[in-house]
Amino acid sequence: MAMRQFAVKAATALRVRCSPASLHGGSPFAFSRGYSSVVEGLKYDKEHEWVKVDKDTAVIGITDHAQAQLGDIVFVDIQATVGDKIEKMNTLASVESVKAVSEVFSPVSGEILEVNKGLSDEPANVNTGPYEDGWFVKLKLTQPSELDELMDAEAYSAYTKE
């Protein structure tokens, strides 16, 4: 664990992104542009949130592109609590960085199953691992068809280049 933390800190200092291959089925990234990466197998929305789906459970976070635009994240306030029912595009959390305060929206509707409480103590996890330790909530999907409206990795990569 200490070696992983050292590697993450070193990569951050060098402005290089690292990610465990286990999250992406062995392939670290589908696309990498500049210092931002897009992960194959996730769904993305135009507000720069990602969704990882496992059966009827969705994990939601902000993209590497979003965290890079925000800069160093110093505070995360997750307003959703376990058991809350949330509709698509409702606010899940707010993120404060050295540059701005931004809201995090839910790209899909569902019932909150788990909240990443670790972000209150370590908000920088959103910067160092937006697709790993930097997730915000896990929810049970109530409208799985909403996933069809989201972008895949290739489409999101093209979207961020616009």
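Residues numbered from 1 in each chain as written. Predicted model: local features only at pLDDT ≥ 70, side-chain atom pairs only at ≥ 80, totals over all residues. Heavy atoms only, no water.

- As annotated in an unreviewed UniProt entry, the protein carries the name Glycine cleavage system H protein and comes from Riccia fluitans.
- Among the UniProt annotations of the protein, the heading Subunit (unreviewed entry) holds the following wording: "The glycine cleavage system is composed of four proteins: P, T, L and H."
- A UniProt comment under Subcellular location (unreviewed entry) is attached to the protein, and it reads "Mitochondrion". (UniProt positions renumbered as here; feature names shortened; annotations may be inferred.)

### Some points on a nonpolar patch on the surface
- A contiguous nonpolar surface patch, about 280 Å² in accessible area, is contributed by Val74, Phe75 and Val98.
- With respect to the secondary-structure elements, Phe75 resides in strand β6 (residues 73–78).
- Note on Phe75: relative accessible area 44%, which makes it partly exposed. (Patch = residues over 30% accessible without salt bridge, like charges linked within 9 Å, V, L, I, M, F, W, Y side chains within 5 Å. Areas by Shrake-Rupley, 256 points an atom, 1.4 Å probe, with all protein chains shown as cover. Salt bridge = Lys/Arg side-chain N within 4 Å of Asp/Glu carboxyl O. Helix = DSSP H or I, 4+ residues; strand = E, 2+ residues; numbered from the N terminus. Buried < 20%, exposed > 50% of the residue type's maximum accessible area, 1.4 Å probe, protein only.)

### Things to note about helix α5 (residues 153–161)
- Burial in α5 covers these residues: Ala153, Tyr156, Ser157 and Thr160. The buried residues of α5 all sit within an arc of 100° when viewed along its axis, so they share a single face. For α5, the exposed residues lying more than 90 degrees away from the buried face are Glu154 and Lys161.
- For α5, the N-terminal cap is Asp152; the gap from its side-chain oxygen to the backbone nitrogen of Glu154 is 3.3 Å. (Arc of directions from axis to C-beta. Polar contact = N/O pair within 3.5 Å; in protein donor to acceptor, adjacent residues only side chain to side chain.)

### Focus on the sheet that holds strand β5 (residues 57–62)
- Pairing within the open sheet is antiparallel, and its six strands lie in the order β3-β4-β5-β11-β10-β7. Looking along the sheet, the strands with just one partner apiece sit at the ends: β3 (43–44) and β7 (85–86).
- Two strands pair when backbone bridges link them, and β3 and strand β4 (residues 49–54) are joined in this way by two bridges, in the antiparallel orientation. By the bridge assignment, Tyr44 is partnered in β4 with Trp50. (Pairing = 2+ DSSP bridges.)

### Things to note about unusual backbone geometry
- A positive phi angle is found at His48, which is not glycine, with a value near 75°.
- Looking at the secondary structure, you find His48 in the loop between β3 and β4.
- Taking relative accessible area as the criterion, His48 reaches 19% and is therefore assigned buried.
- Positive phi, normally seen in glycine, also occurs at Lys55, with a value near 60°.
- Tracing the backbone shows Lys55 in the loop between β4 and β5.
- Judged by its relative accessible area of 75%, Lys55 falls in the exposed class.

### Quick notes on the sheet that holds β6
- Here we have three strands laid out as an open sheet, ordered β6-β8-β9, and antiparallel in their pairing. Unpaired on one side and paired on the other, β6 and β9 (101–105) mark the two borders of the sheet. Taken over all neighbouring pairs, the strand axes of this sheet differ in orientation by 20° on average, direction set aside.
- Bridge count for β6 against strand β8 (residues 91–97) is five bridges, and the pairing is antiparallel. What sits directly across from Asp77, in β8, is Ser94. (Axes fitted to C-alpha atoms, helices over the stretch in contact; angles between N-to-C directions.)

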